[in-house]
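Spelled out from the first residue to the last, the chains are:
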Amino acid sequence: MAKKDFPLIFERSKEGRTSYNLPELDFPAFDLEEELDETYIRKTAPELPEVSELEIMRHYTGLSNRNFGIDSGFYPLGSCTMKYNPKINEDVARLEGFSQIHPHQDPKTVQGALEMMYDLQTSLKEITNMHEVSLQPAAGAQAEWTALMMIRAFHEANGDYNRTKVIVPDSAHGTNPASASVAGFDAVTVKSNEQGLVDLEDLKRVVDEDTAALMLTNPNTLGLFETEIVEMAKIVHDAGGKLYYDGANINAIMGYARPGDMGFDAVHLNLHKTFTGPHGGGGPGSGPVGVSEELAPFLPKPLLVKKDDFYSFDYDRPQSIGRVKPYYGNFGINLRAYTYIRTMGAEGLKKVSEYAVLNANYMMRKLEKEYDLPFTQHCKHEFVLSGKKQKKLGVRTLDIAKRLLDYGYHPPTIYFPLNVEEALMVEPTETESKETLDGFIDTMLSISEEVEKEPELVQEAPHNTIVKRMDETTAARKPVLRYYEE
Amino acid sequence: MDFRYLPMTETDKKEMLETVGVQSTDELFSDIPEDVRFNGELNLKQPTSEAELKNELTAMANKNTNVKQYTSFLGAGVYDHFIPSVVDHVISRSEFYTAYTPYQPEVSQGELQAIFEFQTMISELTGMPISNSSMYDGGTALAEAVNLSAAQTRKKKILVSKTVHPESRAVIETYSKGPNLEIVEIDHNNGKTDLNQLEKELDEDTASVVIQYPNFFGQIESLDKVNELIQNQKKTMFIVSSNPLALGYLTPPGEFGADIVVGDTQVFGIPAQFGGPHCGYFATTKKLMRKVPGRLIGQTTDEDGVRGFVLTLQAREQHIRRDKATSNICSNQALNALASSVAMSSLGKHGVKKMAVLNMQKARYMKQRLEESSISVVSEGPFFNEFVIKLSNSVSATNDKLLDKGIIGGYDLGLVYPDLENHMLVAVTEIRTKEEIDTFVKELGDING
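Residues numbered from 1 in each chain as written. Chains lettered and ligands numbered in written order. Predicted model: local features only at pLDDT ≥ 70, side-chain atom pairs only at ≥ 80, totals over all residues. Heavy atoms only, no water.

### With respect to the UniProt feature "domain: Glycine dehydrogenase C-terminal" (unreviewed entry) in chain A
Here comes step 1: With numbering aligned to this structure, UniProt lists the feature "domain: Glycine dehydrogenase C-terminal" (unreviewed entry) at residues 353–461 of chain A.
Here comes step 2: Along residues 353–461 of chain A one finds 50% helix and 9% strand; the C-alpha atoms at either end are 34 Å apart. (UniProt positions renumbered as here; feature names shortened; annotations may be inferred. Helix = DSSP H or I, 4+ residues; strand = E, 2+ residues; numbered from the N terminus.)

The following block contains the structure:
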């Protein structure tokens with residue numbers, strides 16, 4: 001073990017310690033070994049660590065100190081909407097009436113939970129202007145696939161089995177083409193034009209009678225609103241295809257525009273982004289899916305319904321694509337989103353988008369002085385810079401990102417979207433103050449100065465973090481994916 | 001209304017608009033075409049103060065009957081186990097729960113290491129060399145395993161035992177439509193997979209066989225015998241869905257030749273919370289390491305030789321491979337994997353066996369008490385912490401009466417198995433006391449008497 005290695009929990013283990021008190025048996029024990037064939041009785045104990053309760057807390061507190069979250073500092077990770085995670089959400093999710101209910105309980109014993117879910121569905125329908133919403137999908141990617149399965153079922157219900165293509169812009173999130181594949185479609189790319197928007201001519205070229213759907217994020221991943229959305233919808237609809245809205249970026253337009261009004265037939269929302277379910281270090285998320293009236297019969301089952309003030313699950317949905325997840329979605333995350341929507345209301349949500357967009361434009365105008373800005377129009381909630389000026393001086397976007405770590409910032413998303421060279425994708429969100437934005441801007445400008453004067457300072461960054469750059473090549477070439485005792 | 005999450009002041013706004021060079025924020029939205037712009041106000045409930053909202057939501061929570069107020073014998077895939085206090089204290093540390101996916105390893109070592117440890121614990125419990133960093137839940141992990149088996153073997157036929165959780169089977173069914181698989185369900189004989197039918201259906205077109213262990217009825221399936229059958233078809237893969245707590249006592253599926261082992265770690269430190277979020281796990285062989293869906297954490301060193309951890313083998317994943325990725329999964333269940341890691345660390349090597357045994361003991365105590373009463377116990381043979389009983393009345397009517405006595409009864413098997421009308425699946429975990437079990441047996445006897 002090198003000098004600064006932080007011990008693994010297994011390396012803290014010592015035979016005979018524990019951190020769990022189990023109740024003692026209050027009746028004579030049964031002879032399990034007599035009942036079970038020895039083939040099924042485990043011979044060697046699993047090597048779980050043996051540690052006391054304090055050692056557990058020291059270990060995980062130590063690990064948390066080696067981790068950076070939104071509460072630690074500014075986290076302008078583009079496309080991820082790293083806004084503040086409200087604390088009331090966490091408290092509410094821990095109320096026993098919500099956290100300690102079983103999904104197979106009789107609906108009459110969980111009317112409060114169902115009421116919350118129904119209210120949330122109603123709110124999301126209003127925000128997106130869709131006909132019906134299901135909370136079942138576990139996250140954005142699963143929701144994308146769910147909606148594509150519905151679109152597939154819709155076409156098949158019309159006797160249309162030849163729609164094999166799903167169109168995806170070159171700037172799309174990686175999940176879009178991946179979801180298309182999992183749903184059994186071929187993903188076909190449509191190019192962006194010089195303004196960073198979908199190229200209408202190219203769209204006309206790729207859309208035909210084989211097109212099942214177009215997947216679109218609006219504003220797109222460059223943070224730009226697809227201004228020709230009406231024409232795009234017409235092109236796809238005229239060919240018999242459907243329009244799918246990837247709601248990853250809805251933080252930009254709440255109360256200003258709704259996917260349903262733009263012609264989208266299906267949408268998903270990432271409740272762990274715009275609606276403050278915490279990201280949790282990568283999950284859990286929640287990805288409700290909303291659809292037009294035409295697609296509603298195909299929603300996953302069961303569907304939550306309300307009849308005579310009683311909430312229940314409707315399983316009698318013959319055209320449903322079926323279940324996409326056991327039970328009814330990530331209830332705990334949905335509850336946090338509901339709490340957020342109730343805190344903000346229509347007025348608050350519109351301000352969220354207003355300020356998210358103002359913050360992004362403010363930063364963009366300050367930073368374009370030193371960093372190349374490939375698309376110069378007003379942005380929405382995020383913008384994409386290119387590090388190509390700095391690259392000419394031998395400093396890559398990766399280096400700039402690492403240098404930001406030295407200054408206590410989480411870097412922006414880098415090298416995405418793929419259609420911008422040396423991309424730096426910045427999303428400040430509305431919960432950050434002007435002082436925070438100014439601090440980050442100043443740092444970015446001084447890094448740009450460092451690139452000119454002392455490039456090695458940036459190239460060799462980070463200098464102040466607990467570990468330096470990692471050897472990712474060896475990690476992938478000779479994978480060590482678990483601990484073995486030496 | 002004041003909005004406590006929005007720090008923008010009028011002065012800030014004015015200065016920022018000036019920098020941007022516009023008169024008002026509306027100008028920043030002028031790129032939205034007039035005909036699709038929303039000019040009204042969203043019809044949502046009025047915003048609420050923190051104090052009022054807490055009251056409102058507490059009242060809503062109180063409308064639900066919860067398993068802490070009532071004595072629950074409901075399991076069927078989601079269990080009421082004790083969660084040590086340390087779990088919530090750890091996952092409440094906001095450095096963990098407010099972080100994103102650890103794409104910047106220098107400032108994410110805490111998360112990366114914790115999940116590397118999770119992978120190790122799952123590997124130990126399942127007896128498989130590789131575990132990923134988590135999936136949405138046990139059901140979708142199983143569906144991903146099925147799709148992987150089809151891609152790997154280039155075969156379309158999947159044999160799924162009817163003793164696999166019905167909701168997982170439903171998810172498999174939906175996932176199978178994309179790659180166009182043929183799902184064949186294998187019947188059960190009084191709660192265990194019919195091995196004769198399995199043998200008949202198993203042929204050279206079979207991509208995989210899916211077995212749950214312990215199964216949905218709580219029975220311990222004969223994985224050794226299933227494996228013997230599969231050995232006759234060299235390419236067919238063996239997929240096992242397993243409750244990881246049971247593996248504290250049972251021989252791990254890895255020792256029975258499993259190719260993929262999946263399940264849900266809800267049993268370790270995650271509350272039922274109406275079915276989600278829970279936490280799927282996905283464990284497999286070295287051979288399939290580069291086909292695994294989702295994120296993998298690997299150990300490496302930094303420039304100074306200090307040990308550290310990174311996301312690795314990312315060429316499998318959607319953000320790199322796009323339409324050629326092994327799965328579309330992006331978000332996973334990292335925070336819940338952390339919760340389960342803390343719970344598993346609390347239990348430790350011997351505690352996990354002790355807890356599994358306690359579950360088995362208490363379930364056997366209840367089974368014996370029921371057998372002594374008038375209730376008919378249908379399950380035979382080795383089981384974990386669940387078994388099937390047959391009632392003289394409908395399960396729903398019985399559960400209504402139990403509810404009046406402060407008891408949440410078992411799962412109504414007739415809802416999904418037409419031949420099991422009036423059959424109830426009951427679960428007994430380590431937190432049920434002798435008194436609670438005695439009361440349940442007495443009340444059930446009275447209702448069915």
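Now, onward.
### Describing the domain arrangement of chain B
When the parts of a complex come together, some accessible area is lost, and that lost area is often used as the size of the interface.
Residue and element names in this part refer to chain B.
Here comes step 1: Taken domain by domain, chain B holds domain 1 (71–83 + 349–448) and domain 2 (85–343).
Here comes step 2: Listed by partner, the interface residues are 30 residues for domain 1 and 30 residues for domain 2.
Here comes step 3: The largest per-residue losses of area from domain 1 upon contact with domain 2 belong to Ile 83, Phe 384 and Tyr 417, which jointly make up 28% of the total buried on that side.
Here comes step 4: For the pair domain 1 and domain 2, the number of links is zero salt bridges.
Here comes step 5: Applying the counting criterion to the domain 1 and domain 2 interface returns eight residue pairs in polar contact (both at pLDDT 80 or more).
Here comes step 6: Among the secondary structure elements, those contributing two or more residues to the side of domain 1 that touches domain 2 are helix H11 (334–372) and strand E14 (386–390). (Domains from an automatic or database assignment. Contact = heavy atoms within 4.5 Å. Buried area = accessible area lost by both parts, 1.4 Å probe. Salt bridge = Lys/Arg side-chain N within 4 Å of Asp/Glu carboxyl O. Polar contact = N/O pair within 3.5 Å; in protein donor to acceptor, adjacent residues only side chain to side chain.)

### With respect to the domain arrangement of chain A
Here comes step 1: As assigned here, chain A comprises domain 1 (9–65) and domain 2 (89–343).
Here comes step 2: Distance from the C-alpha centre of domain 1 of chain A to the C-alpha centre of domain 2 of chain A: 42 Å.

### Details of the interface of chain A and chain B
Here comes step 1: Contact residues are listed per partner, giving 210 residues for chain A and 197 residues for chain B.
Here comes step 2: Linking chain A with chain B are 17 salt bridges.
Here comes step 3: Summed over the shared surface of chain A and chain B, the result is 100 residue pairs in polar contact (both at pLDDT 80 or more).
Here comes step 4: In terms of residue count, the dominant contributor to the side of chain A that touches chain B is helix H11 (residues 331–367) of chain A (27 residues).
Here comes step 5: Within the side of chain A that touches chain B, the residues separate by chemical class into 107 nonpolar, 55 polar and 48 charged. (Nonpolar A, V, L, I, M, F, W, Y, C, P; charged D, E, K, R; others polar.)

### Here we look at the sheet that holds strand E9 (residues 260–264) of chain B
Residues and elements named next belong to chain B.
Here comes step 1: Ordered in space as E2-E10-E9-E8-E7-E3-E4, the seven strands form an open sheet in which the pairing is mixed. Where the open sheet ends on each side, the last strands, each with one partner, are strand E2 (130–131) and strand E4 (182–186).
Here comes step 2: Note that strand E3 (residues 157–161) and E4 share five bridges and pair parallel. By the bridge assignment, Lys 157 is partnered in E4 with Glu 182.
Here comes step 3: Packing against the sheet, helix H5 (residues 109–126) makes contact with E2, E9 and strand E10 (280–284), and its axis sits at approximately 65° to E10.
Here comes step 4: Contacts from helix H7 (residues 166–176) reach E3 and E4 within the one sheet, and its direction differs from that of E4 by about 160°. (Pairing = 2+ DSSP bridges. Axes fitted to C-alpha atoms, helices over the stretch in contact; angles between N-to-C directions.)

### Observations regarding the environment of Val384(A)
Residues and elements named next belong to chain A.
Here comes step 1: By the secondary structure assignment, Val 384 is in strand E10 (residues 383–386).
Here comes step 2: Among the residues examined, Val 384 registers a relative accessible area of 3% and is labelled buried.
Here comes step 3: In the structure, Val 384 is positioned 32 residues away from Phe 416 in sequence and 8.6 Å away in space, judged by C-alpha atoms.
Here comes step 4: Contact partners of Val 384, with chain neighbours within four places excluded, come to Thr 221, Leu 222, Leu 373, Pro 374, Pro 417, Val 420, Ala 423, Leu 424 and Met 425. (Buried < 20%, exposed > 50% of the residue type's maximum accessible area, 1.4 Å probe, protein only.)

### Overview of the packing of aromatic side chains
Here comes step 1: Following the criterion strictly, the structure yields 30 aromatic pairs over all chains and no others.
Here comes step 2: Summarising the aromatic geometry, the rings of Tyr84(A) and Tyr5(B) are spaced 5.7 Å apart at their centres and angled 55° between planes, so their arrangement reads as tilted. Separated into two different chains, Tyr84(A) in the loop between helix H2 (53–65) and helix H3 (87–93) and Tyr5(B) in the segment before helix H1 (10–20) make up a pair that spans both.
Here comes step 3: Between Phe383(B) and Phe387(B), the ring centres sit 5.6 Å apart and the planes meet at 70°, which makes this aromatic pair edge-to-face.
Here comes step 4: Its relative accessible area of 2% is what places Phe383(B) among the buried residues. (Phe/Tyr/Trp six-rings, centres within 6.5 Å; stacked < 30°, edge-to-face > 60°.)

### Describing the sheet that holds strand E17 (residues 423–427) of chain B
For sheets, the rule is that strands pair by backbone hydrogen bonds, running either parallel or antiparallel.
Residues and elements named next belong to chain B.
Here comes step 1: Taken in spatial order, the four strands of this open sheet run E13-E14-E17-E16, and their pairing is antiparallel. Strand pairing shows two members of the sheet lacking a second neighbour, strand E13 (376–377) and strand E16 (411–412), which therefore form its edges.
Here comes step 2: Of the pairings in the sheet, the one linking E14 to E17 comprises five bridges and is antiparallel in character. Considered in E17, the bridge of Glu 386 is made with Ala 427.
Here comes step 3: Against the sheet, helix H12 (residues 395–404) touches E16 and E17, its axis set at about 45° to E17.

### Topic: the side chain of Gln113(B)
Here comes step 1: Relative to the helices and strands, Gln113(B) resides in helix H5.
Here comes step 2: Each residue touching Gln113(B), except ones within four places of it in the same chain, is listed here: Phe6(A), Pro7(A), Leu8(A), His59(A), Leu63(A) and Phe309(B).

### Quick notes on the nonpolar core
The tendency in soluble globular proteins is for nonpolar side chains to be buried side by side.
Here comes step 1: Ranked by internal contacts, the top residues of the largest apolar core, which has 111 residues, are Met117(A), Leu124(A), Leu203(A) and Phe275(A).
Here comes step 2: The greatest single-element share of this core, amounting to 18 residues, is contributed by H11(A).
Here comes step 3: Counting 80 residues, the second-largest nonpolar core is a separate cluster that includes Ile9(A), Leu32(A), Val261(B) and Leu338(B). (Core = buried A, V, L, I, M, F, W, Y, C linked by side-chain atoms within 4.5 Å.)

### Thoughts on the pairing of E17(B)
Residue and element names in this part refer to chain B.
Here comes step 1: Of all five residues making up E17, five are buried, and the element is well covered by its neighbours.
Here comes step 2: What you see with E17 is no split at all: His 423, Leu 425 and Ala 427 on one side and Met 424 and Val 426 on the other are buried throughout.
Here comes step 3: Relative to E17, E16 runs antiparallel, the two sharing two bridges. When the sheet's bridge partners are listed, Tyr 411 is paired in E17 with Leu 425.

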